[in-house]
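A closer look at the structure
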Amino acid sequence: MHDLNRVPIMDERAVLRAVGRMARELVERNAGTDDLIMVGVQRRGSQLAELLVREIEKAEGDRIASGHLDITLYRDDLRAIGPRPVIGTTKLPAGGIDDKAVVIVDDVLYTGRTVRAALNELMDFGRPSRIYLCVLVDRGGRELPIQPDVVGRHVEVMGDQTVEVLVPELDGRLGVDLVTLPKEAA
Amino acid sequence: MTQRALALGKDLVGLEHLSAEQIQVFLDTAEAFKEISERPIKKVPVLRGKTIVNLFFEPSTRTRISFEFAEKRLSADTVNIATTASSVAKGETLVDTARNLEAMRIDMVVVRHWASGAAKFLAERIRSNVINAGDGAHEHPTQGLLDLLTIRDHRGRVAGLNVCIVGDILHSRVARSNIWGLLKLGANVAVCSPKTLLPPGIADLGVTVLRRIEEAIEWADVLNVLRLQLERMQAGYVPSLREYNRVFGVSKVRLARAQREILILHPGPMNRGVEIDSDVADGPHSMILAQVTNGVAVRMAVLYLLAGGEPEKAEAAKTAEGA
(Lines give C-alpha, C1' and ligand atoms only; values in the text may rest on other atoms or scores of the structure.)
Protein backbone atom coordinates (compact mmCIF):
# COMPACT_ATOMS: atom_id res chain seq x y z
CA MET A 1 0.00 0.00 0.00
CA HIS A 2 1.59 3.27 -1.12
CA ASP A 3 0.58 6.47 0.58
CA LEU A 4 -0.38 7.86 -2.80
CA ASN A 5 -3.14 5.30 -3.11
CA ARG A 6 -4.59 5.94 0.32
CA VAL A 7 -6.07 9.32 1.20
CA PRO A 8 -7.55 9.87 4.67
CA ILE A 9 -10.93 11.56 4.39
CA MET A 10 -11.96 11.40 8.05
CA ASP A 11 -9.60 11.27 10.99
CA GLU A 12 -10.48 10.08 14.49
CA ARG A 13 -11.95 13.43 15.55
CA ALA A 14 -14.06 13.68 12.40
CA VAL A 15 -15.43 10.17 12.93
CA LEU A 16 -16.22 10.89 16.57
CA ARG A 17 -17.98 14.15 15.65
CA ALA A 18 -20.02 12.31 13.04
CA VAL A 19 -20.85 9.50 15.51
CA GLY A 20 -21.97 12.10 18.07
CA ARG A 21 -24.33 13.70 15.58
CA MET A 22 -25.58 10.32 14.36
CA ALA A 23 -26.36 9.31 17.95
CA ARG A 24 -28.39 12.49 18.50
CA GLU A 25 -30.19 12.04 15.21
CA LEU A 26 -31.15 8.45 16.05
CA VAL A 27 -32.54 9.40 19.45
CA GLU A 28 -34.44 12.29 17.89
CA ARG A 29 -35.90 10.12 15.13
CA ASN A 30 -36.92 7.47 17.61
CA ALA A 31 -38.31 10.11 20.00
CA GLY A 32 -36.15 8.79 22.86
CA THR A 33 -34.32 5.61 23.69
CA ASP A 34 -37.29 3.39 24.55
CA ASP A 35 -36.94 -0.09 23.05
CA LEU A 36 -33.91 1.02 21.06
CA ILE A 37 -31.47 -1.77 20.12
CA MET A 38 -28.22 -1.20 18.25
CA VAL A 39 -27.14 -4.05 16.03
CA GLY A 40 -23.77 -3.84 14.30
CA VAL A 41 -23.04 -5.75 11.11
CA GLN A 42 -19.83 -7.77 11.54
CA ARG A 43 -17.14 -6.78 11.61
CA ARG A 44 -16.62 -3.03 11.53
CA GLY A 45 -20.30 -2.24 11.98
CA SER A 46 -20.07 -3.84 15.43
CA GLN A 47 -17.36 -1.43 16.53
CA LEU A 48 -19.33 1.55 15.26
CA ALA A 49 -22.46 0.29 17.02
CA GLU A 50 -20.50 0.23 20.27
CA LEU A 51 -19.35 3.82 19.71
CA LEU A 52 -22.95 4.90 19.09
CA VAL A 53 -24.14 3.04 22.19
CA ARG A 54 -21.56 4.88 24.29
CA GLU A 55 -22.59 8.26 22.84
CA ILE A 56 -26.29 7.66 23.43
CA GLU A 57 -25.75 6.34 26.94
CA LYS A 58 -23.61 9.38 27.76
CA ALA A 59 -26.17 11.83 26.42
CA GLU A 60 -29.35 10.18 27.63
CA GLY A 61 -28.23 8.30 30.72
CA ASP A 62 -30.10 5.16 29.67
CA ARG A 63 -28.69 1.70 29.08
CA ILE A 64 -28.87 0.74 25.42
CA ALA A 65 -29.06 -2.93 24.43
CA SER A 66 -26.81 -3.98 21.59
CA GLY A 67 -25.74 -6.96 19.55
CA HIS A 68 -24.12 -7.94 16.31
CA LEU A 69 -25.03 -9.82 13.16
CA ASP A 70 -22.86 -11.89 10.88
CA ILE A 71 -24.66 -11.94 7.55
CA THR A 72 -22.43 -14.47 5.76
CA LEU A 73 -25.08 -17.19 5.70
CA TYR A 74 -27.61 -14.80 4.17
CA ARG A 75 -25.38 -13.48 1.38
CA ASP A 76 -26.68 -13.71 -2.18
CA ASP A 77 -23.27 -14.33 -3.73
CA LEU A 78 -22.22 -17.47 -1.88
CA ARG A 79 -22.61 -19.55 -5.03
CA ALA A 80 -19.96 -17.50 -6.75
CA ILE A 81 -17.37 -17.25 -4.02
CA GLY A 82 -15.06 -19.86 -2.70
CA PRO A 83 -13.30 -21.04 -0.68
CA ARG A 84 -16.10 -20.32 1.70
CA PRO A 85 -15.74 -17.34 3.99
CA VAL A 86 -15.15 -17.67 7.69
CA ILE A 87 -18.33 -17.16 9.67
CA GLY A 88 -18.40 -14.71 12.55
CA THR A 89 -20.72 -14.73 15.50
CA THR A 90 -24.26 -13.43 15.67
CA LYS A 91 -25.48 -12.29 19.06
CA LEU A 92 -28.61 -10.32 19.79
CA PRO A 93 -29.81 -9.03 23.18
CA ALA A 94 -31.29 -11.72 25.41
CA GLY A 95 -34.70 -10.02 25.46
CA GLY A 96 -35.13 -10.58 21.73
CA ILE A 97 -36.08 -8.01 19.13
CA ASP A 98 -39.87 -8.37 19.03
CA ASP A 99 -41.54 -4.96 19.09
CA LYS A 100 -38.20 -3.18 19.46
CA ALA A 101 -36.75 -0.37 17.38
CA VAL A 102 -33.67 -1.99 15.87
CA VAL A 103 -30.87 0.08 14.38
CA ILE A 104 -28.71 -1.74 11.83
CA VAL A 105 -25.26 -0.16 11.98
CA ASP A 106 -22.74 -0.68 9.20
CA ASP A 107 -19.52 1.01 8.17
CA VAL A 108 -20.05 1.62 4.46
CA LEU A 109 -23.29 1.53 2.47
CA TYR A 110 -22.64 0.59 -1.15
CA THR A 111 -24.80 -1.86 -3.17
CA GLY A 112 -27.29 -2.44 -0.35
CA ARG A 113 -26.87 -6.20 -0.59
CA THR A 114 -25.38 -6.52 2.90
CA VAL A 115 -28.34 -4.59 4.32
CA ARG A 116 -30.77 -6.85 2.44
CA ALA A 117 -29.05 -9.86 4.05
CA ALA A 118 -29.11 -8.20 7.49
CA LEU A 119 -32.83 -7.45 7.15
CA ASN A 120 -33.61 -11.05 6.26
CA GLU A 121 -31.52 -12.36 9.11
CA LEU A 122 -33.11 -9.99 11.63
CA MET A 123 -36.59 -11.07 10.53
CA ASP A 124 -35.65 -14.66 11.44
CA PHE A 125 -35.08 -13.52 15.01
CA GLY A 126 -38.41 -11.80 15.50
CA ARG A 127 -40.61 -8.92 14.46
CA PRO A 128 -39.16 -5.53 15.32
CA SER A 129 -41.60 -2.62 15.42
CA ARG A 130 -39.18 -0.52 13.36
CA ILE A 131 -35.81 -0.99 11.71
CA TYR A 132 -33.46 1.97 11.07
CA LEU A 133 -30.36 1.91 8.92
CA CYS A 134 -27.38 3.88 10.15
CA VAL A 135 -24.07 4.02 8.26
CA LEU A 136 -20.86 5.96 8.74
CA VAL A 137 -20.24 6.35 5.01
CA ASP A 138 -22.71 6.32 2.12
CA ARG A 139 -20.69 5.90 -1.06
CA GLY A 140 -23.63 5.53 -3.47
CA GLY A 141 -23.81 2.78 -6.10
CA ARG A 142 -26.97 1.12 -4.84
CA GLU A 143 -28.19 -2.04 -6.60
CA LEU A 144 -31.27 -2.47 -4.42
CA PRO A 145 -33.95 -0.02 -3.29
CA ILE A 146 -32.42 0.49 0.14
CA GLN A 147 -31.72 3.90 1.72
CA PRO A 148 -30.13 4.85 5.04
CA ASP A 149 -31.94 6.78 7.79
CA VAL A 150 -28.83 8.26 9.37
CA VAL A 151 -25.52 8.89 7.56
CA GLY A 152 -22.15 10.03 8.87
CA ARG A 153 -20.86 11.29 5.53
CA HIS A 154 -21.64 11.00 1.83
CA VAL A 155 -18.54 10.24 -0.23
CA GLU A 156 -18.12 10.48 -3.99
CA VAL A 157 -16.17 7.47 -5.18
CA MET A 158 -14.58 6.96 -8.60
CA GLY A 159 -14.66 3.61 -10.38
CA ASP A 160 -11.19 2.55 -9.25
CA GLN A 161 -11.62 3.69 -5.66
CA THR A 162 -13.01 2.18 -2.52
CA VAL A 163 -13.80 3.46 0.96
CA GLU A 164 -12.25 1.81 4.01
CA VAL A 165 -13.45 2.44 7.53
CA LEU A 166 -10.75 1.73 10.10
CA VAL A 167 -11.48 0.86 13.71
CA PRO A 168 -8.98 0.60 16.58
CA GLU A 169 -9.83 -3.04 17.43
CA LEU A 170 -8.99 -4.30 13.93
CA ASP A 171 -6.91 -1.60 12.25
CA GLY A 172 -5.17 0.18 15.10
CA ARG A 173 -6.87 3.53 14.54
CA LEU A 174 -10.23 5.16 13.93
CA GLY A 175 -10.75 6.84 10.59
CA VAL A 176 -11.97 6.64 7.01
CA ASP A 177 -9.64 6.32 4.01
CA LEU A 178 -10.32 6.65 0.31
CA VAL A 179 -8.23 3.95 -1.36
CA THR A 180 -7.35 3.86 -5.06
CA LEU A 181 -7.14 0.24 -6.14
CA PRO A 182 -4.12 -0.99 -8.08
CA LYS A 183 -4.86 -1.40 -11.80
CA GLU A 184 -5.24 -5.20 -11.97
CA ALA A 185 -7.74 -5.36 -9.08
CA ALA A 186 -9.91 -2.50 -10.33
CA MET B 1 -8.79 -10.68 1.96
CA THR B 2 -7.51 -14.24 2.28
CA GLN B 3 -8.77 -14.99 5.75
CA ARG B 4 -8.72 -18.59 4.66
CA ALA B 5 -7.02 -19.61 1.45
CA LEU B 6 -7.24 -23.28 2.38
CA ALA B 7 -8.83 -25.48 -0.21
CA LEU B 8 -10.77 -28.24 1.52
CA GLY B 9 -11.48 -30.25 -1.61
CA LYS B 10 -14.71 -31.79 -2.88
CA ASP B 11 -15.17 -34.48 -0.26
CA LEU B 12 -14.67 -35.39 3.38
CA VAL B 13 -13.55 -38.99 3.39
CA GLY B 14 -11.45 -39.02 6.53
CA LEU B 15 -9.22 -37.03 8.82
CA GLU B 16 -6.09 -39.00 7.90
CA HIS B 17 -5.23 -36.82 4.92
CA LEU B 18 -6.29 -33.45 6.33
CA SER B 19 -3.81 -30.96 7.71
CA ALA B 20 -4.07 -29.53 11.19
CA GLU B 21 -5.11 -26.19 9.61
CA GLN B 22 -7.90 -27.81 7.64
CA ILE B 23 -9.19 -29.54 10.77
CA GLN B 24 -9.09 -26.19 12.60
CA VAL B 25 -11.18 -24.58 9.85
CA PHE B 26 -13.85 -27.25 10.31
CA LEU B 27 -13.82 -26.76 14.10
CA ASP B 28 -13.83 -22.95 13.96
CA THR B 29 -16.69 -22.95 11.49
CA ALA B 30 -18.61 -25.42 13.67
CA GLU B 31 -18.16 -22.99 16.56
CA ALA B 32 -20.06 -20.34 14.61
CA PHE B 33 -22.80 -22.77 13.65
CA LYS B 34 -23.61 -23.77 17.26
CA GLU B 35 -25.56 -20.59 17.78
CA ILE B 36 -27.96 -21.24 14.90
CA SER B 37 -29.47 -24.21 16.74
CA GLU B 38 -30.29 -21.85 19.64
CA ARG B 39 -32.24 -19.36 17.50
CA PRO B 40 -36.01 -19.07 17.55
CA ILE B 41 -35.98 -19.98 13.86
CA LYS B 42 -33.33 -22.66 13.60
CA LYS B 43 -32.63 -22.16 9.95
CA VAL B 44 -30.36 -20.15 7.68
CA PRO B 45 -30.75 -20.00 3.90
CA VAL B 46 -27.18 -20.84 2.97
CA LEU B 47 -27.81 -24.20 1.26
CA ARG B 48 -31.16 -23.27 -0.23
CA GLY B 49 -31.67 -25.18 -3.46
CA LYS B 50 -29.02 -27.82 -2.72
CA THR B 51 -30.18 -31.41 -2.74
CA ILE B 52 -28.50 -33.78 -0.33
CA VAL B 53 -28.93 -37.54 -0.26
CA ASN B 54 -28.30 -39.48 2.92
CA LEU B 55 -27.34 -42.89 1.62
CA PHE B 56 -27.16 -45.37 4.47
CA PHE B 57 -26.10 -48.95 3.85
CA GLU B 58 -25.94 -49.65 7.58
CA PRO B 59 -28.39 -48.91 10.33
CA SER B 60 -27.78 -45.58 12.06
CA THR B 61 -30.03 -43.40 14.13
CA ARG B 62 -27.86 -40.76 15.71
CA THR B 63 -25.56 -39.97 12.81
CA ARG B 64 -28.33 -39.95 10.22
CA ILE B 65 -30.61 -37.74 12.31
CA SER B 66 -27.72 -35.43 13.14
CA PHE B 67 -26.90 -35.02 9.44
CA GLU B 68 -30.56 -34.50 8.66
CA PHE B 69 -30.92 -31.76 11.27
CA ALA B 70 -27.76 -30.12 9.96
CA GLU B 71 -29.03 -30.23 6.38
CA LYS B 72 -32.46 -28.87 7.28
CA ARG B 73 -31.03 -26.07 9.41
CA LEU B 74 -29.03 -24.97 6.37
CA SER B 75 -32.21 -25.08 4.21
CA ALA B 76 -31.05 -27.93 1.96
CA ASP B 77 -33.51 -30.42 0.51
CA THR B 78 -32.86 -33.90 1.79
CA VAL B 79 -33.69 -37.43 0.77
CA ASN B 80 -32.97 -40.41 2.98
CA ILE B 81 -32.19 -43.75 1.43
CA ALA B 82 -31.91 -46.79 3.63
CA THR B 83 -30.72 -49.99 2.03
CA THR B 84 -33.54 -52.23 3.14
CA ALA B 85 -36.13 -50.14 1.34
CA SER B 86 -34.32 -49.42 -1.91
CA SER B 87 -32.88 -50.96 -5.04
CA VAL B 88 -29.74 -51.61 -3.07
CA ALA B 89 -31.61 -54.53 -1.55
CA LYS B 90 -32.15 -55.77 -5.09
CA GLY B 91 -28.41 -55.94 -5.71
CA GLU B 92 -27.65 -52.58 -7.29
CA THR B 93 -24.03 -51.57 -6.78
CA LEU B 94 -22.94 -48.55 -4.80
CA VAL B 95 -21.79 -46.69 -7.90
CA ASP B 96 -24.94 -47.46 -9.86
CA THR B 97 -27.07 -46.21 -7.00
CA ALA B 98 -25.08 -43.00 -6.77
CA ARG B 99 -25.03 -42.41 -10.53
CA ASN B 100 -28.78 -42.85 -10.69
CA LEU B 101 -29.11 -40.29 -7.94
CA GLU B 102 -26.80 -37.92 -9.80
CA ALA B 103 -28.95 -38.29 -12.88
CA MET B 104 -31.67 -36.72 -10.75
CA ARG B 105 -29.34 -33.73 -10.17
CA ILE B 106 -28.28 -33.99 -6.59
CA ASP B 107 -25.45 -31.97 -5.07
CA MET B 108 -24.12 -33.92 -2.11
CA VAL B 109 -24.11 -37.48 -0.82
CA VAL B 110 -23.69 -38.43 2.81
CA VAL B 111 -22.74 -42.09 2.79
CA ARG B 112 -22.56 -44.75 5.49
CA HIS B 113 -21.32 -48.12 4.28
CA TRP B 114 -20.15 -51.38 5.84
CA ALA B 115 -17.13 -51.59 3.56
CA SER B 116 -13.94 -49.73 4.48
CA GLY B 117 -13.03 -47.37 1.64
CA ALA B 118 -16.57 -47.10 0.27
CA ALA B 119 -16.68 -43.31 0.70
CA LYS B 120 -13.41 -42.75 -1.16
CA PHE B 121 -14.45 -45.18 -3.89
CA LEU B 122 -17.66 -43.23 -4.38
CA ALA B 123 -16.00 -39.82 -4.15
CA GLU B 124 -13.68 -40.71 -7.02
CA ARG B 125 -16.55 -41.73 -9.27
CA ILE B 126 -19.23 -39.07 -8.91
CA ARG B 127 -19.30 -35.31 -9.32
CA SER B 128 -21.28 -34.59 -6.16
CA ASN B 129 -19.59 -33.83 -2.86
CA VAL B 130 -19.23 -36.98 -0.78
CA ILE B 131 -19.22 -36.94 3.01
CA ASN B 132 -18.23 -40.09 4.81
CA ALA B 133 -20.67 -40.91 7.61
CA GLY B 134 -18.70 -44.02 8.51
CA ASP B 135 -17.15 -46.65 6.24
CA GLY B 136 -16.49 -50.07 7.72
CA ALA B 137 -13.65 -49.99 10.20
CA HIS B 138 -11.94 -47.13 8.35
CA GLU B 139 -13.08 -43.64 9.38
CA HIS B 140 -16.00 -41.64 10.74
CA PRO B 141 -14.60 -38.15 10.23
CA THR B 142 -17.55 -36.10 11.48
CA GLN B 143 -17.50 -38.09 14.72
CA GLY B 144 -13.78 -37.42 15.00
CA LEU B 145 -14.37 -33.70 14.48
CA LEU B 146 -17.17 -33.49 17.01
CA ASP B 147 -15.02 -35.29 19.58
CA LEU B 148 -12.23 -32.78 18.95
CA LEU B 149 -14.68 -29.88 19.24
CA THR B 150 -16.09 -31.22 22.51
CA ILE B 151 -12.61 -31.62 23.99
CA ARG B 152 -11.63 -28.12 22.81
CA ASP B 153 -14.82 -26.65 24.27
CA HIS B 154 -14.21 -28.07 27.72
CA ARG B 155 -10.43 -27.91 27.97
CA GLY B 156 -9.79 -24.84 25.82
CA ARG B 157 -7.34 -26.74 23.63
CA VAL B 158 -6.47 -30.15 22.24
CA ALA B 159 -2.69 -29.84 21.99
CA GLY B 160 -0.80 -31.37 24.89
CA LEU B 161 -3.77 -33.22 26.38
CA ASN B 162 -3.57 -36.92 27.16
CA VAL B 163 -6.44 -38.66 25.43
CA CYS B 164 -7.03 -42.38 25.82
CA ILE B 165 -9.40 -44.32 23.59
CA VAL B 166 -10.82 -47.28 25.46
CA GLY B 167 -12.42 -50.37 23.98
CA ASP B 168 -12.76 -52.10 20.65
CA ILE B 169 -10.07 -50.33 18.62
CA LEU B 170 -9.89 -53.13 16.04
CA HIS B 171 -13.34 -52.63 14.56
CA SER B 172 -13.73 -48.95 15.30
CA ARG B 173 -13.80 -46.23 12.65
CA VAL B 174 -14.36 -43.75 15.48
CA ALA B 175 -11.04 -44.80 16.99
CA ARG B 176 -9.21 -44.24 13.70
CA SER B 177 -10.71 -40.81 13.03
CA ASN B 178 -9.98 -39.84 16.62
CA ILE B 179 -6.38 -41.00 16.45
CA TRP B 180 -5.67 -39.07 13.24
CA GLY B 181 -7.43 -35.93 14.37
CA LEU B 182 -5.99 -35.89 17.89
CA LEU B 183 -2.43 -36.50 16.71
CA LYS B 184 -2.64 -33.78 14.09
CA LEU B 185 -3.84 -31.29 16.68
CA GLY B 186 -0.98 -32.21 18.98
CA ALA B 187 -2.63 -34.38 21.63
CA ASN B 188 -0.90 -37.37 23.20
CA VAL B 189 -2.95 -40.40 22.27
CA ALA B 190 -3.17 -43.78 23.94
CA VAL B 191 -5.41 -46.77 23.42
CA CYS B 192 -6.55 -49.20 26.07
CA SER B 193 -8.13 -52.41 24.96
CA PRO B 194 -8.12 -56.19 25.30
CA LYS B 195 -5.32 -57.66 23.19
CA THR B 196 -7.85 -59.34 20.92
CA LEU B 197 -9.42 -56.00 20.03
CA LEU B 198 -6.18 -54.19 19.32
CA PRO B 199 -5.15 -53.92 15.66
CA PRO B 200 -1.61 -55.09 14.97
CA GLY B 201 0.85 -52.27 14.41
CA ILE B 202 -1.31 -49.67 16.16
CA ALA B 203 1.75 -48.23 17.93
CA ASP B 204 3.20 -47.30 14.51
CA LEU B 205 0.54 -44.61 14.25
CA GLY B 206 2.20 -42.87 17.16
CA VAL B 207 -0.12 -43.97 19.95
CA THR B 208 0.79 -45.54 23.26
CA VAL B 209 -0.75 -48.86 24.18
CA LEU B 210 -1.97 -49.08 27.77
CA ARG B 211 -2.83 -52.56 28.98
CA ARG B 212 -4.93 -51.75 32.02
CA ILE B 213 -7.79 -49.33 32.45
CA GLU B 214 -6.27 -48.23 35.76
CA GLU B 215 -3.17 -47.07 33.90
CA ALA B 216 -5.34 -45.23 31.40
CA ILE B 217 -7.22 -43.43 34.16
CA GLU B 218 -4.00 -42.45 35.87
CA TRP B 219 -2.57 -41.03 32.63
CA ALA B 220 -5.52 -39.44 30.84
CA ASP B 221 -7.17 -36.02 30.76
CA VAL B 222 -9.84 -37.40 28.46
CA LEU B 223 -11.25 -40.90 28.07
CA ASN B 224 -13.06 -41.67 24.85
CA VAL B 225 -14.96 -44.84 25.69
CA LEU B 226 -16.05 -46.88 22.69
CA ARG B 227 -19.07 -49.09 22.43
CA LEU B 228 -18.39 -52.80 22.76
CA GLN B 229 -20.45 -54.29 20.00
CA LEU B 230 -22.27 -57.25 21.37
CA GLU B 231 -21.47 -59.35 18.32
CA ARG B 232 -17.84 -59.26 19.37
CA MET B 233 -18.59 -61.60 22.21
CA GLN B 234 -20.15 -64.18 19.94
CA ALA B 235 -17.09 -63.91 17.69
CA GLY B 236 -14.87 -64.79 20.65
CA TYR B 237 -13.03 -61.49 21.06
CA VAL B 238 -14.06 -61.16 24.70
CA PRO B 239 -15.07 -63.99 27.01
CA SER B 240 -18.21 -62.29 28.36
CA LEU B 241 -19.69 -58.84 28.81
CA ARG B 242 -19.41 -59.17 32.57
CA GLU B 243 -15.78 -60.06 32.25
CA TYR B 244 -15.23 -57.09 29.95
CA ASN B 245 -16.92 -54.77 32.40
CA ARG B 246 -14.90 -56.15 35.29
CA VAL B 247 -11.57 -55.59 33.51
CA PHE B 248 -12.17 -52.61 31.20
CA GLY B 249 -15.39 -51.00 32.39
CA VAL B 250 -15.16 -47.29 33.26
CA SER B 251 -16.69 -47.06 36.70
CA LYS B 252 -17.04 -44.39 39.33
CA VAL B 253 -14.84 -46.35 41.72
CA ARG B 254 -12.04 -46.47 39.18
CA LEU B 255 -12.39 -42.80 38.26
CA ALA B 256 -12.28 -41.83 41.92
CA ARG B 257 -8.60 -42.78 41.93
CA ALA B 258 -7.77 -40.33 39.15
CA GLN B 259 -5.38 -37.53 40.00
CA ARG B 260 -7.42 -34.99 38.01
CA GLU B 261 -10.83 -34.50 36.51
CA ILE B 262 -11.25 -36.70 33.48
CA LEU B 263 -13.60 -35.78 30.65
CA ILE B 264 -15.64 -38.77 29.54
CA LEU B 265 -16.63 -39.09 25.89
CA HIS B 266 -18.64 -41.86 24.27
CA PRO B 267 -19.81 -41.90 20.65
CA GLY B 268 -22.98 -43.83 21.51
CA PRO B 269 -25.06 -45.82 21.60
CA MET B 270 -23.92 -46.86 25.07
CA ASN B 271 -24.04 -50.29 26.65
CA ARG B 272 -24.57 -49.17 30.20
CA GLY B 273 -22.91 -51.56 32.60
CA VAL B 274 -20.58 -52.93 29.92
CA GLU B 275 -18.00 -50.40 28.74
CA ILE B 276 -19.34 -47.59 30.91
CA ASP B 277 -21.29 -47.56 34.15
CA SER B 278 -24.43 -45.51 34.48
CA ASP B 279 -23.13 -43.25 37.23
CA VAL B 280 -20.23 -42.28 34.95
CA ALA B 281 -22.38 -41.86 31.84
CA ASP B 282 -24.72 -39.57 33.78
CA GLY B 283 -21.99 -38.03 35.92
CA PRO B 284 -20.75 -34.45 35.97
CA HIS B 285 -17.78 -35.08 33.67
CA SER B 286 -19.73 -36.92 31.02
CA MET B 287 -19.69 -35.04 27.72
CA ILE B 288 -21.94 -37.50 25.98
CA LEU B 289 -24.88 -35.16 25.35
CA ALA B 290 -22.56 -32.23 24.58
CA GLN B 291 -21.08 -34.47 21.87
CA VAL B 292 -24.51 -34.98 20.36
CA THR B 293 -25.20 -31.23 20.33
CA ASN B 294 -21.80 -30.53 18.81
CA GLY B 295 -22.45 -33.21 16.20
CA VAL B 296 -25.10 -31.08 14.52
CA ALA B 297 -22.85 -27.99 14.47
CA VAL B 298 -19.91 -29.96 13.07
CA ARG B 299 -22.03 -31.45 10.31
CA MET B 300 -23.44 -28.03 9.44
CA ALA B 301 -19.87 -26.76 9.15
CA VAL B 302 -18.80 -29.64 6.92
CA LEU B 303 -21.81 -29.26 4.64
CA TYR B 304 -21.35 -25.50 4.42
CA LEU B 305 -17.63 -25.66 3.72
CA LEU B 306 -17.83 -28.41 1.11
CA ALA B 307 -20.88 -27.06 -0.69
CA GLY B 308 -18.89 -24.02 -1.82
CA GLY B 309 -20.44 -23.09 -5.13
CA GLU B 310 -18.24 -22.52 -8.11
CA PRO B 311 -14.70 -21.98 -6.86
CA GLU B 312 -13.35 -21.34 -10.36
CA LYS B 313 -15.22 -18.03 -10.36
CA ALA B 314 -13.62 -16.85 -7.17
CA GLU B 315 -10.63 -14.59 -6.73
CA ALA B 316 -9.60 -16.46 -3.60
CA ALA B 317 -9.55 -19.76 -5.48
CA LYS B 318 -7.18 -18.37 -8.09
CA THR B 319 -4.67 -17.34 -5.47
CA ALA B 320 -5.12 -20.65 -3.63
CA GLU B 321 -4.31 -22.57 -6.80
CA GLY B 322 -1.00 -20.79 -7.14
CA ALA B 323 0.00 -21.87 -3.64
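Given the structure is predicted, the values throughout are model-derived calculations rather than measurements.

In this section: the overall build of chain B. Tallying secondary structure elements over chain B gives 13 helices and 9 strands in all. Burial analysis of chain B (323 residues in total) assigns 55% to the buried set. If you take every contact in chain B between residues at least 6 apart in sequence, the share linking residues at least 24 apart comes to 73%. Roughly 14100 Å² of accessible area belongs to chain B as shown, and the carbon and sulfur atoms make up 52% of that amount. Separation between the mean location of the 40 positive side-chain charges and that of the 37 negative ones in chain B comes to 2 Å.

This part is about the pattern of salt bridges. Here the idea is simple: oppositely charged side chains can pair when their charged atoms come close. Applying the stated criterion to the full structure yields 33 salt bridges over all chains. The partner of Glu-25 of chain A in a salt bridge is Arg-21 of chain A, with the nearest N and O atoms 2.7 Å apart. Of this pair, Glu-25 of chain A and Arg-21 of chain A both sit in helix 1 (residues 12-29), 4 residues apart, roughly one helical turn. Residue class for Glu-25 of chain A comes out partly exposed when judged on its relative accessible area of 27%. The partner of Lys-10 of chain B in a salt bridge is Asp-11 of chain B, and the shortest N-O contact between them spans 3.1 Å. Under the relative-accessibility criterion, Lys-10 of chain B is labelled partly exposed at 30%. With relative accessibility at 18%, the residue Asp-11 of chain B sits in the buried group.

All names here are of chain B. Remark: helix 5 (residues 141-155) packs on helix 12 (residues 288-306), axes separated minimally by 8 Å, with the N-to-C direction vectors making an angle of 120 degrees. Relative to helix 12, the element helix 5 lies oblique. In the packing of helix 5 onto helix 12, the handedness of the crossing is right-handed. For the pair helix 5 and helix 12, the contacting residues are Thr-142, Gln-143, Leu-145, Leu-146, Asp-147, Leu-149, Thr-150, Asp-153 and His-154 in the first and Ala-290, Gln-291, Asn-294, Gly-295, Val-298, Arg-299 and Val-302 in the second. Residue composition of the contact of helix 5 with helix 12, grouped by class: 6 nonpolar, 7 polar and 3 charged.

Between its first and last C-alpha, helix 2 (residues 62-73) of chain B extends 16 Å over 12 residues, near the 16 Å set by a 1.5 Å rise per residue. Where the residues of helix 2 of chain B are buried, they touch strand 1 (51-56), strand 2 (77-82), strand 3 (108-113), strand 4 (129-135), helix 5 and helix 12 of chain B.

Leu-73 of chain A together with Phe-33 and Leu-145 of chain B are the most contacted members of the largest nonpolar core, which totals 87 residues. Aside from chain neighbours lying at most four places away, what touches Phe-33 of chain B is Leu-73 and Ile-87 of chain A together with Leu-74, Ala-297, Met-300, Ala-301 and Tyr-304 of chain B. In this structure, Leu-48, Val-108, Cys-134 and Leu-174 of chain A belong to the second largest nonpolar core, which totals 35 residues.

Residue and element names in this part refer to chain A. Strand order in the open sheet made by the 3 strands is 1-8-7, with antiparallel pairing throughout. A strand with exactly one partner marks an edge of an open sheet, and here the two such strands are strand 1 (6-10) and strand 7 (161-166). Here the average twist between neighbouring strands, direction ignored, is 30 degrees. Two strands pair when backbone bridges link them, and strand 7 and strand 8 (residues 175-180) are joined in this way by 6 bridges, in the antiparallel orientation.

Residue and element names in this part refer to chain B. On average, residues of chain B score 90 in pLDDT, and 91% of them are at 70 or above. Confidence drops under pLDDT 50 across residues 1-5; counting only partners more than four residues distant or on other chains, this segment forms 10 contacts. pLDDT under 50 marks residues 309-323. Its contacts with residues more than four places away, or in other chains, come to 18 contacts. Here the prediction assigns the complex a pTM of 0.88, and the interface score ipTM is 0.79.

Quick look at the packing of helix 5 of chain B against helix 6 (residues 173-184) of chain B now. Residues and elements named next belong to chain B. It is the contact of helix 5 with helix 6, at a shortest axis distance of 8 Å, that shows an interaxial angle of 50 degrees. Considering the angle they form, helix 5 stands oblique to helix 6. Crossing of helix 5 against helix 6: the hand is right-handed. Contacts between helix 5 and helix 6 involve Pro-141, Gln-143, Gly-144, Asp-147, Leu-148 and Ile-151 on the former and, on the latter, Val-174, Ser-177, Asn-178, Gly-181 and Leu-182. Split by residue class, the contact of helix 5 with helix 6 holds 5 nonpolar, 5 polar and 1 charged.

Calculation criteria
- Residues numbered from 1 in each chain as written.
- Chains lettered and ligands numbered in written order.
- Predicted model: local features only at pLDDT ≥ 70, side-chain atom pairs only at ≥ 80, totals over all residues.
- Heavy atoms only, no water.
- Helix = DSSP H or I, 4+ residues; strand = E, 2+ residues; numbered from the N terminus.
- Buried < 20%, exposed > 50% of the residue type's maximum accessible area, 1.4 Å probe, protein only.
- Contact = heavy atoms within 4.5 Å.
- Areas by Shrake-Rupley, 256 points an atom, 1.4 Å probe, with all protein chains shown as cover.
- Lys, Arg positive; Asp, Glu negative; His and termini not counted.
- Charge placed at Lys NZ, Arg CZ, Asp CG, Glu CD.
- Salt bridge = Lys/Arg side-chain N within 4 Å of Asp/Glu carboxyl O.
- Axes fitted to C-alpha atoms, helices over the stretch in contact; angles between N-to-C directions.
- Parallel < 35°, antiparallel > 145°, perpendicular 65-115°, else oblique.
- Left-handed = near helix turned anticlockwise from the far one by under 90°.
- Nonpolar A, V, L, I, M, F, W, Y, C, P; charged D, E, K, R; others polar.
- Expected span 1.5 Å × (residues − 1).
- Core = buried A, V, L, I, M, F, W, Y, C linked by side-chain atoms within 4.5 Å.
- Pairing = 2+ DSSP bridges.
- pLDDT = per-residue confidence, 0-100.

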